Amino acid sequence: TGDPAGAEVCARRAIELALAVGNRPVVAWMKLQLARLALRRDDLPAARTNLAESLEAVLALAQQALRIGGVMIFAEVLEHQGEVEAARQALAFAAQHPSASAPDRDEILGRLASLPGAGDPPASWPAIELDELIHRIVAEADLAYAPLLAALRASR
């Protein structure tokens, strides 16, 4: 609705309610949304923190859609960090992952098409599986993903 501050208030309230009833998937989803809202404010540390908190919870859940959604937001964070090629690599990986739904795949491919270098295929993806990627996004958030970015650059 064009009201990021109001959206954040609603997201935090939704997290409180989801925690009260023990709905961990909603908590994880709302933290992904808080990461997106932080990106809209150009607050990269908050985006990385919310993404890490979300994906830490997602690791305990058996919902692949939240994993793919997390990778999509991870790519947005990378783009905001100026790591466009790494964002393209992550999006291409997510688009090709068997757990990506058709609507997610369409959204991912649309994002890929909107990034600089869209006419060129993204660099190859290193031998990092989805759950390992999620673990690294959580573990390396405080490092702005420097070790993961080095691995992505090495695969180019």
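Residues numbered from 1 in each chain as written. Predicted model: local features only at pLDDT ≥ 70, side-chain atom pairs only at ≥ 80, totals over all residues. Heavy atoms only, no water.

> Explanation requested: the pattern of salt bridges in the structure shown.
Side-chain pairing between opposite charges can occur once the charged atoms of the two side chains come close. This structure, assessed with the given rule, holds twelve salt bridges. With a closest N to O distance of 2.7 Å, R41 and E8 form a salt bridge. Of this pair, R41 sits in the loop between α2 (24-40) and α3 (44-59) while E8 sits in helix α1 (residues 4-21); the two residues are 33 residues apart in sequence, bridging distant segments of the chain. According to the relative accessible area criterion, E8 is buried, its value standing at 18%. A salt bridge links R111 to E79; the shortest N-O distance between them is 2.6 Å. With R111 in helix α6 (residues 102-114) and E79 in helix α4 (residues 64-80), this residue pair connects regions lying 32 residues apart in the sequence. With relative accessibility at 23%, the residue R111 sits in the partly exposed group. (Salt bridge = Lys/Arg side-chain N within 4 Å of Asp/Glu carboxyl O. Helix = DSSP H or I, 4+ residues; strand = E, 2+ residues; numbered from the N terminus. Buried < 20%, exposed > 50% of the residue type's maximum accessible area, 1.4 Å probe, protein only.)

> What's the story with α2 in this structure? I'm lost.
Think of an α-helix as 3.6 residues a turn; residues three or four steps apart then line up on the same face. Its 17 residues place the ends of α2 25 Å apart at the C-alpha level, agreeing with the 24 Å of an ideal helix rising 1.5 Å per residue. Taken together, the buried positions of α2 are V27, A28, M30, K31, L32, Q33, L34, A35, L37, A38 and L39. Looking at the buried side of α2, the elements it contacts are α1, α3 and α4. N-capping of α2 is provided by N23, with a side-chain oxygen placed 3.2 Å from the backbone N of V26. Backbone geometry just after α2 places D42 at a positive phi near 60°. (Expected span 1.5 Å × (residues − 1). Contact = heavy atoms within 4.5 Å. Polar contact = N/O pair within 3.5 Å; in protein donor to acceptor, adjacent residues only side chain to side chain.)

> Help me understand the packing of aromatic side chains, please; the structure alone is not making it clear to me.
The geometry of an aromatic ring pair comes down to the distance between the two centres and the angle between the two planes. One pass over the structure, following the stated rule, counts two aromatic pairs. Ring plane angle 15° and centroid distance 4.5 Å describe the contact between F93 and W125, whose orientation is recorded as stacked. One end of the pair, F93, is in helix α5 (residues 84-96); the other, W125, is in the loop between α6 and α7 (130-139), with 32 residues separating them in the sequence. (Phe/Tyr/Trp six-rings, centres within 6.5 Å; stacked < 30°, edge-to-face > 60°.)

> How do you make sense of the nonpolar core when you look at a structure like this?
Soluble, globular proteins show a tendency: their nonpolar side chains are buried together. Residues L51, F74, L133, I137 and Y145 are the most contacted members of the largest nonpolar core, which totals 45 residues. Elements represented by at least two residues in this core include exactly α2, α3, α4, α5, α6, α7 and α8 (146-154). With nine residues, α4 is the single largest residue contributor to this core. Beyond its immediate sequence surroundings of up to four residues, L51 is in contact with L32, A35, G70, I73, F74, V77, I137 and Y145. Core analysis: the second largest hydrophobic core is formed by seven residues, A11, A18, V27 and M30 among them. (Core = buried A, V, L, I, M, F, W, Y, C linked by side-chain atoms within 4.5 Å.)

> What should I look at first to understand the packing of α1 against α2 in this one?
The description of two helices packed together rests on the angle between their axes and the distance between the axes. Packing of α1 against α2 leaves a shortest axis separation of 9 Å and a crossing angle of 160°. One finds that α1 runs roughly antiparallel with respect to α2. Where α1 crosses over α2, the handedness of that crossing is left-handed. Where α1 approaches α2, its residues P4, A7, E8, A11, R12, A14, I15, A18 and L19 are matched on the opposing element by V26, V27, M30, K31, L34, L37 and R40. Among the residues making up the contact of α1 with α2, the classes are represented as twelve nonpolar, no polar and four charged. (Axes fitted to C-alpha atoms, helices over the stretch in contact; angles between N-to-C directions. Parallel < 35°, antiparallel > 145°, perpendicular 65-115°, else oblique. Left-handed = near helix turned anticlockwise from the far one by under 90°. Nonpolar A, V, L, I, M, F, W, Y, C, P; charged D, E, K, R; others polar.)

> Mind showing me how you'd approach α4 here?
If you check α4, its first and last C-alpha atoms are 25 Å apart, about what 17 residues at 1.5 Å a residue would give, namely 24 Å. Most of α4 is tucked away: 13 of the 17 residues are buried. With its phi angle positive at about 85°, G82 sits one or two positions after the end of α4.

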